[in-house]
Amino acid sequence: MRGEGIRARKSLGQNFLTDRNVLSRIAGLVSAGPGDCILEIGPGKGALTAFLVSGGARLVAVELDTRLVPLLRETYRDNPRVEIVQGDILELDLPGLLTRYEEGPWQVAANLPYNISTPVLFLLLENRRFFSRLVLMLQKEVGDRLAAVPGSKDYGVLSVLFQLHFDVVRELIVRPGSFHPVPKVDSAVLSFVPLETPRVEVGDEAFFSRVVKGAFAMRRKTLWNCLRGAGLGVTEEGIAAALAHCGIAAGRRGETLGLEEFACLANALLARRGE
Ligand code: SAM
């Protein structure tokens with residue numbers, strides 16, 4: 001593999017995948033034939049990239065490490081369907097990058113740098129209209145949160161917001177020995193297929209997110225205490241009325257609410273904002 005002499009940087013979350021069986025299974029979750037478009041985040045030394053482009057797909061890869069970008073560009077010099085962009089996925093204009101090619105829909109494939117996986121997840125959520133599928137390697141613990149059901153210890157903001165918009169499937173667990181350098185934790189590959197319409201009707205999405213984040217802000221506190229402190233612009237009477245309207249006891253905790261209940265609550269709180 002190219003770049004053998006380049007030392008992995010912890011600050012860039014560099015744990016390179018070396019297990020060809022895992023690489024091939026991840027690539028197999030993406031449709032990667034002629035006419036398919038793939039965005040790869042953090043191609044690194046190109047291990048997954050090679051699997052993704054072998055079937056003739058169009059691929060745009062965004063890599064931050066300036067040591068690796070020239071190697072990748074050299075590898076794909078003669079392949080007009082591959083574009084290597086040097087930059088920070090969190091800083092660049094993602095809609096601008098994707099629309100520049102007048103193609104799509106895009107699939108995202110990534111062995112994400114774990115130190116920025118949560119902001120990247122929110123970036124992908126925000127731009128979901130561009131995507132037909134996401135296939136992401138994440139820290140197993142983050143994967144557990146994304147796929148968690150109400151009432152479980154892993155259920156939280158990520159579970160609610162992703163399950164509202166995607167079918168989320170945990171595809172495989174990947175052990176530390178599949179990477180170099182070897183990470184301390186297990187990883188998981190998840191696939192996400194965007195729903196045509198949100199799983200439940202939420203009205204104002206930004207307000208819905210604020211309610212969900214507020215409900216999980218203090219995990220040991222009741223919903224009542226969390227919502228009072230969430231700065232939603234609703235009086236205590238309004239919060240009590242909204243909870244009663246949805247048949248939700250004020251003493252419950254946020255992690256017990258399903259999507260329908262969150263939607264009802266957010267809509268009822270929104271109706272009482274500024275009263
Ligand atoms: N895809 C390669 C593989 O599977 O072997 C590398 C995966 S490694 C876990 C994460 C990659 O993301 C690294 O190459 C790292 O340099 C890159 N990276 C880190 N932060 C980034 C950022 N903000 N934007 C784009 N790439 C980033």
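Residues numbered from 1 in each chain as written. Predicted model: local features only at pLDDT ≥ 70, side-chain atom pairs only at ≥ 80, totals over all residues. Heavy atoms only, no water.

(A) Quick peek at the site of the ligand. In the vicinity of the ligand lie 21 residues, with L17, G42, E63, D88 and N111 positioned nearest. Within the backbone of G42, one N or O atom sits 2.8 Å away from a nitrogen atom of the ligand. Here a nitrogen atom of the ligand and a side-chain polar atom of D88 are 2.8 Å apart. Taken together, the elements giving at least two residues each to the shell around the ligand come down to β1 (16–17) and β3 (58–63). For the shell around the ligand, the per-class residue count stands at 10 nonpolar, seven polar and four charged. (Near = heavy atom within 4 Å. Polar contact = N/O pair within 3.5 Å; in protein donor to acceptor, adjacent residues only side chain to side chain. Helix = DSSP H or I, 4+ residues; strand = E, 2+ residues; numbered from the N terminus. Nonpolar A, V, L, I, M, F, W, Y, C, P; charged D, E, K, R; others polar.)

(B) The pairing of strand β2 (residues 37–41), seen in detail. Burial of β2 is extensive: five of the five residues sit out of reach of the surface. With burial as the criterion, each face of β2 is covered, one bearing C37, L39 and I41 and the other bearing I38 and E40. As paired strands, β2 and β3 are joined by five bridges and run parallel to one another. What sits directly across from L39, in β3, is V60. With five bridges connecting them, β2 and strand β5 (residues 106–111) associate as parallel partners. The residue bridging L39 from the neighbouring strand is V108, located in β5. (Buried < 20%, exposed > 50% of the residue type's maximum accessible area, 1.4 Å probe, protein only. Pairing = 2+ DSSP bridges.)

(C) The arrangement of the packing of aromatic side chains in detail. Counted according to the given criterion, the structure contains seven aromatic pairs. Judged by centre distance (5.9 Å) and plane angle (75°), the ring pair of Y155 and F216 falls under edge-to-face. In this pair, Y155 is assigned in the loop between α6 (140–147) and α7 (157–165) and F216 in the loop between α8 (205–215) and α9 (223–228), connecting sequence segments 61 residues apart. Each member of the pair, Y155 as well as F216, is classed as buried. (Phe/Tyr/Trp six-rings, centres within 6.5 Å; stacked < 30°, edge-to-face > 60°.)

(D) A look at the sheet that holds strand β7 (residues 166–174). Reading across the sheet, the seven strands line up as β4-β3-β2-β5-β6-β9-β7 and stay open at both edges, with mixed pairing between neighbours. Strands with a single pairing partner mark the edges of an open sheet, and in this sheet they are β4 (82–86) and β7. If you compare each strand with its neighbour and ignore which way they point, the axes differ by 15° on average. Against the sheet, helix α1 (residues 20–28) makes contact with β6 (131–139), β7 and β9 (187–194), and its axis sits at roughly 170° relative to β7, the strand it touches most. (Axes fitted to C-alpha atoms, helices over the stretch in contact; angles between N-to-C directions. Contact = heavy atoms within 4.5 Å.)

(E) Layout of the environment of E261. Structurally, the position occupied by E261 is in helix α11 (residues 259–271). By relative accessible area, E261 is classed as partly exposed at 24%. Residues E261 and L134, spaced 127 residues apart in sequence, show a C-alpha to C-alpha distance of 27 Å. Those residues within four positions of E261 in sequence are excluded, and the remaining contacts are I248, R252 and T256.

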